[in-house]
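Observations on the three-dimensional arrangement
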Amino acid sequence: MPPARIQRNLLAIGERRLLNWLCAHMPGWVKPDLLTALGMVGAVLIFAGYATSLLDEDWLWMCIPGYLLHWFGDSMDGSLARFRHIERPRYGYFLDHSCDGIATFLILLGIGISPYVRLEVALVAMVGYLLMCMHAFLAVRVLGEMRLSYLNAGPTELRLVLITLTLAMLLLGDKQRDMTAMTGFDWFVGGVGVVLIGLFLVQTASSVRKLAGIEPAK
């Protein structure tokens, strides 16, 4: 029995309508694996945009189409497979989440390499995000739940936050290049990481209580 999908992010309803429309109009030669590959191309563009902003801040513009391409590929691959009833549950689950991990690494590494956020701060955010991914993967196994959102936010909302952050770098970047002190970008990215780590601890405690009720001590 497939795990129950739990998706309560703010944009879920509108996004689902858009994805369903895109699936219905997608050419037959477009396959889920191609969409997964496009998502990874988007992640590479994002990394390249942040990394090359060391040379010129205008390279940050590359991140915007990168985020859009990553959203399109990452959101559409599974949606198209389900729409066409061509799911490969174990293959798709493994490939999708493996690519998600690589994409997260590239995006946050790029942010940390950029002249706007310290690498160690970006790594805190990476740890927080990967901890939440680990909780989601464990919940699939022990609770039969596939949580796609937390605090009414999911990957799409997070991408919008990162697009806004990137635009702020373009508008305020010249004031934030002094890496001898914590910048506003550092505090924001680090704060997101701390929130994610705290959310992981809260969700872990909640899941442990739920499992203790299902499997009481003898």
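Residues numbered from 1 in each chain as written. Predicted model: local features only at pLDDT ≥ 70, side-chain atom pairs only at ≥ 80, totals over all residues. Heavy atoms only, no water.

Under the annotation held in an unreviewed UniProt entry, the protein chain carries the name CDP-alcohol phosphatidyltransferase and is attributed to Novosphingobium panipatense.

1. Structural notes on helix 5 (residues 119-142)
In this model, helix 5 (24 residues) spans 34 Å end to end at C-alpha, consistent with the 34 Å of a helix rising 1.5 Å per residue. For helix 5, the full list of buried residues reads Val-121, Ala-122, Ala-125, Met-126, Gly-128, Met-132, Cys-133, His-135, Ala-136, Ala-139 and Val-140. Immediately downstream of helix 5, the backbone of Gly-144 shows phi near 70°, a positive value. (Helix = DSSP H or I, 4+ residues; strand = E, 2+ residues; numbered from the N terminus. Expected span 1.5 Å × (residues − 1). Buried < 20%, exposed > 50% of the residue type's maximum accessible area, 1.4 Å probe, protein only.)

2. Details of the nonpolar core
Grouped together as the largest cluster of nonpolar side chains are 22 residues, with contacts concentrated most on Tyr-50, Leu-60, Tyr-67, Ile-111, Val-117 and Met-169. Those elements giving two or more residues to this core turn out to be helix 2 (32-52), helix 3 (63-83), helix 4 (89-113), helix 5, helix 6 (155-172) and helix 7 (184-214). The greatest single-element share of this core, amounting to five residues, is contributed by helix 6. Non-local contacts of Tyr-50, meaning those with residues more than four positions away in its chain, are made with Leu-60, Cys-63, Tyr-67, Ile-107, Gly-110, Ile-111, Ser-114, Leu-162, Thr-166 and Met-169. (Core = buried A, V, L, I, M, F, W, Y, C linked by side-chain atoms within 4.5 Å. Contact = heavy atoms within 4.5 Å.)

3. Brief notes about the packing of aromatic side chains
All chains considered together, the criterion is met by two aromatic pairs. Centroid distance Tyr-93 to Phe-137: 6.4 Å. Interplanar angle 70°. Geometry classified as edge-to-face. Here Tyr-93 is found in helix 4, whereas its partner Phe-137 is found in helix 5, with 44 residues between them in sequence. Between the aromatic rings of Tyr-116 and Phe-185, the centroid separation amounts to 6.1 Å while the plane-to-plane angle is 85°, which identifies the pairing as edge-to-face. Within this pair, whereas Tyr-116 is found in the loop between helix 4 and helix 5, its partner Phe-185 is found in helix 7, the two being separated by 69 residues in sequence. The exposure classification of Tyr-116 matches that of Phe-185, with both residues buried. Lying across the ring of Tyr-91, Arg-88 places its NZ or CZ 3.9 Å from the centre. (Phe/Tyr/Trp six-rings, centres within 6.5 Å; stacked < 30°, edge-to-face > 60°. Lys NZ or Arg CZ within 6 Å of the ring centre and 35° of its normal.)

4. Some thoughts on helix 6
If you check helix 6, its first and last C-alpha atoms are 25 Å apart, about what 18 residues at 1.5 Å a residue would give, namely 26 Å. Regarding helix 6, the residues found buried are Thr-156, Glu-157, Arg-159, Leu-162, Ile-163, Leu-165, Thr-166, Met-169 and Leu-170. Those residues of helix 6 that are buried are in contact with helix 1 (12-24), helix 2, helix 3, helix 4 and helix 7.

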